[in-house]
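# Commentary on secondary and tertiary structure
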Amino acid sequence: MPMVIQAGLWGLLSGSALVLGALIGTFVRLPQRVIAAVMAFGAGVLISALSFDLMDEAYRTGGIVSTALGFLAGAAVYTGANIVVTRRGAKHRKRSGHAEDARQAHSSQEGSGLAIALGALLDGIPESIVIGVSLLAGEGVSLVAVAAVFLSNLPEGLSSAAGMRRAGRSRAYIFGIWGGIALASGVAALLGYAVFAETGPATIAFVTAVAAGAILAMLADTMVPEAFETAHEFAGLITVAGFLAAFTLSRVLGG
């Protein structure tokens with residue numbers, strides 16, 4: 001199978017967690033602390049992945065200048081785009097638990113469903129591009145990156161789908177939104193491989209660092225605070241467990 005198709009399929013797999021989360025959120029009522037725990041664990045996995053699989057690789061590939069510029073650019077672009085979708089109703093798109101009246105206010109905002117979807121797309125594009133770029137080294141996909149993206153998408157699809165249901169959205173609307181974003185994740189991973197396959201090390205390092213910066217900004221803005229709101233004093237421990245699991249997996253797979 002061509003590598004570009006493999007990249008797309010790996011991106012689709014990670015994006016499918018949104019659909020799986022939406023299925024769970026639509027048909028099963030999970031305790032909010034369970035959702036928050038998954039989010040905290042996924043945050044730890046992502047922190048490990050961006051530290052050791054992304055930033056370290058970017059530095060070894062293209063040096064500190066390309067890596068630093070990309071890292072800051074990714075964080076700046078994500079922050080600007082996040083401000084836009086936040087002001088249109090997607091502030092709590094990864095929310096796993098908060099007061100019922102706040103949930104109702106959030107879910108009833110005009111256009112919030114579309115804003116949540118755009119926010120999820122904003123979160124997922126840099127993650128998916130990383131999956132495609134990770135195949136450029138010729139050593140196979142970064143399983144840590146795939147696992148990290150999958151675990152970050154699962155609670156997002158779960159909690160957001162539940163909120164959309166409370167807002168009166170149909171199941172067709174919900175699964176159409178998340179299915180479309182899952183497909184977009186596959187396309188982003190495919191493009192991440194195809195577009196940068198012929199570029200130099202400095203460019204690949206820059207793009208990898210851009211994704212890392214965007215992911216870290218996303219973690220600080222959404223996943224970590226929103227996991228802490230429900231998991232409280234256990235959020236830190238669960239995040240550390242996720243980090244350790246991903247770090248161990250990356251060292252074992254890396255030999």
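Every value quoted in this text rests on a predicted model; they were computed, and no experiment measured them.

### Some thoughts on the overall build of the protein chain
- In terms of helices and strands, the protein chain carries eight helices and zero strands.
- Order of helices (α) and strands (β) in the protein chain, N terminus to C terminus: α-α-α-α-α-α-α-α.
- Buried residues in the protein chain amount to 47% of all 255 residues.
- In the protein chain, the proportion of contacts linking residues at least 24 apart, taken out of those at least 6 apart, comes to 87%.
- Counting only carbon and sulfur atoms, one obtains 69% of the accessible surface of the protein chain, whose full area is about 11300 Å².

### Examining the nonpolar core
- In this structure, Leu46, Leu50, Leu54, Tyr78, Ile215, Leu219 and Met223 are the most contacted members of the largest nonpolar core, which totals 25 residues.
- Secondary-structure elements contributing two or more residues to this core are helix H2 (32-90), helix H4 (112-134), helix H5 (143-166) and helix H7 (201-231).
- Here this core gets ten residues from one element, more than from any other, and that element is H2.
- In this structure leucine 219 touches Ala43, Leu46, Ile47, Leu50, Val224 and Pro225, once residues within four positions along its chain are discounted.
- One finds Leu18, Ala22, Ile177 and Trp178 within the second-largest nonpolar core, a separate group that totals nine residues.

### Focus: the UniProt feature "transmembrane region" (unreviewed entry) in the protein chain
- According to UniProt, the positions carrying the feature "transmembrane region" (unreviewed entry) are residues 7-28, 34-52, 64-85, 129-151, 172-196, 202-222 and 234-253.
- Across residues 7-28 one finds 95% helix and 0% strand; the C-alpha atoms that close the span lie 32 Å apart.
- The span residues 172-196 carries 100% helix and 0% strand; its end-to-end C-alpha distance comes to 36 Å.

### Quick notes on the pattern of salt bridges
- This model, assessed by the stated rule, comprises two salt bridges.
- Among the salt bridges present, the one from aspartate 56 reaches arginine 60, with a minimum N-O distance of 3.4 Å. Here the residue aspartate 56 and the residue arginine 60 both occupy positions in helix H2, the gap between them amounting to four residues, near one helical turn.
- Between glutamate 57 and arginine 60 there is a salt bridge, with its nearest N and O atoms 2.4 Å apart. Of this pair, glutamate 57 and arginine 60 both sit in helix H2, three residues apart, roughly one helical turn.
- Take arginine 60: its relative accessible area is 57%, and that puts it in the exposed class.
- Three or more residues joined by partner-sharing salt bridges are found here, namely Asp56, Glu57 and Arg60.

### As for the packing of aromatic side chains
- The tally for this structure, following the rule as stated, stands at three aromatic pairs.
- Seen from their ring centres, phenylalanine 52 and phenylalanine 243 are 5.9 Å apart, and the 65° between their planes marks the pair as edge-to-face. With phenylalanine 52 in helix H2 and phenylalanine 243 in helix H8 (residues 235-253), the pair connects residues that are 191 residues apart, well separated along the chain.
- Residue classification places phenylalanine 52 among the partly exposed positions, given a relative accessible area of 29%.
- Since its relative accessible area comes to 28%, phenylalanine 243 is described here as partly exposed.
- When the ring of phenylalanine 243 is compared with that of phenylalanine 247, the centres are 6.5 Å apart and the planes differ by 10°; the resulting orientation is stacked. Taken together, the residues span about one helical turn, with phenylalanine 243 and phenylalanine 247 both in helix H8 at a distance of four residues.

Parameters at a glance
- Residues numbered from 1 in each chain as written.
- Predicted model: local features only at pLDDT ≥ 70, side-chain atom pairs only at ≥ 80, totals over all residues.
- Heavy atoms only, no water.
- Helix = DSSP H or I, 4+ residues; strand = E, 2+ residues; numbered from the N terminus.
- Buried < 20%, exposed > 50% of the residue type's maximum accessible area, 1.4 Å probe, protein only.
- Contact = heavy atoms within 4.5 Å.
- Areas by Shrake-Rupley, 256 points an atom, 1.4 Å probe, with all protein chains shown as cover.
- Core = buried A, V, L, I, M, F, W, Y, C linked by side-chain atoms within 4.5 Å.
- UniProt positions renumbered as here; feature names shortened; annotations may be inferred.
- Salt bridge = Lys/Arg side-chain N within 4 Å of Asp/Glu carboxyl O.
- Phe/Tyr/Trp six-rings, centres within 6.5 Å; stacked < 30°, edge-to-face > 60°.

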